[in-house]
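Next come the chains, spelled out residue by residue.
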Amino acid sequence: LSQALLSNEVGEVWIVCDVDDEAESIKQLRPVPEHQRTHDDLDEAVPYVRWAVSNPCFEVWLIWHFEDYSNPGVRSIAQKICKDRRILSGANGKVLDRSRLTPENTELAISRAKHMRKRHSEISTFPNDVPSSDMDLLVEALQRLESLKK
């Protein structure tokens with residue numbers, strides 16, 4: 001990957017992670033949250049490393065495909081909802097049936113993520129405020145890439 005980055009074989013790299021218990025580490029590694037970046041934050045000579053952070057966990061993004069969710073900072077609740085609603089299954093509760101994620105409910109998740117990001121920016125007590133996820137930004141980047149291929 002580092003060779004591909006240095007040779008400009010790739011235009012973007014995405015880091016996808018949960019906050020879990022690592023809020024301080026994430027703040028240090030990602031000084032400018034993805035949704036607050038501007039063109040001035042980019043160096044055109046260096047491939048753009050972007051972040052898709054879910055707070056407190058990725059399961060929040062999955063829940064938003066099916067329903068509203070605004071419980072702050074408790075990943076065990078989000079994980080239980082995913083298990084109870086059969087969004088995730090398996091012995092470890094981490095197996096996703098991707099067929100359940102349709103274009104329609106993905107658009108709902110994108111809308112919910114944007115709404116919660118706005119609330120997050122108004123409250124701004126990361127990580128203990130409203131749940132948030134930048135997965136919508138990654139999905140939209142992939143959708144743009146897919147449309148270029150057509």
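See the structure printed just above.
Residues numbered from 1 in each chain as written. Predicted model: local features only at pLDDT ≥ 70, side-chain atom pairs only at ≥ 80, totals over all residues. Heavy atoms only, no water.

A. Summary view of unusual backbone geometry. Note that the residue after N55, namely P56, is joined by a cis bond; omega there is 5°. Relative to the helices and strands, P56 resides in the loop between β2 (48–55) and α3 (59–63). In the Ramachandran plot, R86 falls in the positive-phi region, its phi being about 60° despite a non-glycine side chain. By the secondary structure assignment, R86 is in the loop between α4 (75–84) and β3 (88–89). (Helix = DSSP H or I, 4+ residues; strand = E, 2+ residues; numbered from the N terminus.)

B. Fine view of helix α5 (residues 103–123). With 21 residues, α5 should reach 30 Å at 1.5 Å per residue; the first-to-last C-alpha distance of 30 Å fits that figure. Burial in α5 covers these residues: N105, T106, A109, I110, R112, A113, M116, R117 and H120. Against the buried residues of α5 lie α3, β5 (132–133) and α6 (135–149). (Expected span 1.5 Å × (residues − 1). Buried < 20%, exposed > 50% of the residue type's maximum accessible area, 1.4 Å probe, protein only. Contact = heavy atoms within 4.5 Å.)

C. How the structure looks around the nonpolar core. Core analysis: the largest hydrophobic core is formed by 24 residues, its most contacted members being W61, I63, W64 and Y69. At the level of secondary structure, the elements contributing two or more residues to this core comprise α3, α4, α5 and α6. Per-element tally for this core: the top contributor is α6, with five residues. Those residues within four positions of I63 in sequence are excluded, and the remaining contacts are Y69, A78, I81, C82 and I87. (Core = buried A, V, L, I, M, F, W, Y, C linked by side-chain atoms within 4.5 Å.)

D. Expanded view of the packing of aromatic side chains. Going through the model one piece at a time under the given rule, you end up with zero aromatic pairs. Lying over the aromatic face of F66, R100 brings its terminal NZ or CZ to 4.6 Å of the ring centre. (Phe/Tyr/Trp six-rings, centres within 6.5 Å; stacked < 30°, edge-to-face > 60°. Lys NZ or Arg CZ within 6 Å of the ring centre and 35° of its normal.)

E. How the structure looks around the environment of H115. Its location among the elements puts H115 in helix α5. Since its relative accessible area comes to 46%, H115 is described here as partly exposed.

F. Here's a closer look at α6. Under the 1.5 Å per step criterion, the end-to-end length of α6 is 21 Å for 15 residues, consistent within 8% with the ideal 21 Å. All of the buried residues along α6 are M135, D136, L137, L138, V139 and A141.

G. Fine view of the pattern of salt bridges. By the definition in use, this model includes eight salt bridges. Between E140 and K114 there is a salt bridge, with its nearest N and O atoms 3.1 Å apart. Within this pair, whereas E140 is found in helix α6, its partner K114 is found in helix α5, the two being separated by 26 residues in sequence. Its salt-bridge partner being D136, residue R117 comes within 2.3 Å of it at the nearest N-O pair. Placement of R117 in helix α5 and of D136 in helix α6 is noted, with a sequence separation of 19 residues between them. Per residue, the accessibility class of R117 equals that of D136, and both read buried. (Salt bridge = Lys/Arg side-chain N within 4 Å of Asp/Glu carboxyl O.)

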